[in-house]
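# Structural characterization, general
So you can see what is in the structure, the chains are spelled out below.
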Amino acid sequence: MDKFEMYIQIRGVVNQRYSVSAIARKLKISRNTVYKYLKKSPDEMAEWTASTMIRTKKLDMHKELILKWLREYLDVWVVRLDV
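Everything numeric in this text was worked out from a predicted model, so none of it was measured.

### Description of helix α2 (residues 20-27)
Those residues of α2 that fall on the buried side of the exposure criterion are Val20, Ala22, Ile23, Ala24 and Leu27. On its buried side, α2 packs onto α1 (3-15) and α3 (31-39). Downstream of α2 by a residue or two, Lys28 has a phi angle that is positive, lying close to 60°.

### Re unusual backbone geometry
Phi at Arg17 is positive, roughly 70°, even though this residue is not glycine. Along the chain, Arg17 turns up in the loop between α1 and α2.

### Focus on the packing of α1 against α2
One can describe the packing of α1 onto α2 by two numbers: an axis separation of 10 Å at closest approach and a directional angle of 135°. The orientation of α1 relative to α2 falls into the category oblique. Relative to α2, the crossing made by α1 is right-handed. Along its contact with α1, which presents Met6, Gln9, Ile10, Val13 and Val14, the element α2 presents Ile23, Lys26 and Leu27. Of the residues belonging to the contact of α1 with α2, the class tally is six nonpolar, one polar and one charged.

The rules behind the values
- Residues numbered from 1 in each chain as written.
- Predicted model: local features only at pLDDT ≥ 70, side-chain atom pairs only at ≥ 80, totals over all residues.
- Heavy atoms only, no water.
- Buried < 20%, exposed > 50% of the residue type's maximum accessible area, 1.4 Å probe, protein only.
- Helix = DSSP H or I, 4+ residues; strand = E, 2+ residues; numbered from the N terminus.
- Contact = heavy atoms within 4.5 Å.
- Axes fitted to C-alpha atoms, helices over the stretch in contact; angles between N-to-C directions.
- Parallel < 35°, antiparallel > 145°, perpendicular 65-115°, else oblique.
- Left-handed = near helix turned anticlockwise from the far one by under 90°.
- Nonpolar A, V, L, I, M, F, W, Y, C, P; charged D, E, K, R; others polar.

Structure, rendered in structure tokens:
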């Protein structure tokens, strides 16, 4: 589930007067996540989710090598998956 969708769900459940613990159980997330999302305004949440999409990941620097390996050894992986 998308972070902004989760934020909207949390806001909707809060309006129904659920406790933070009940929201966390219902959405299967931690109470800390519920608190973090409740502190943010819709504008702050939109800005934060947009910033998480443009961050670099640890494996980004190895992307080309990994893709090369996958293309080169695809037949080996397929055979191993059939076992």
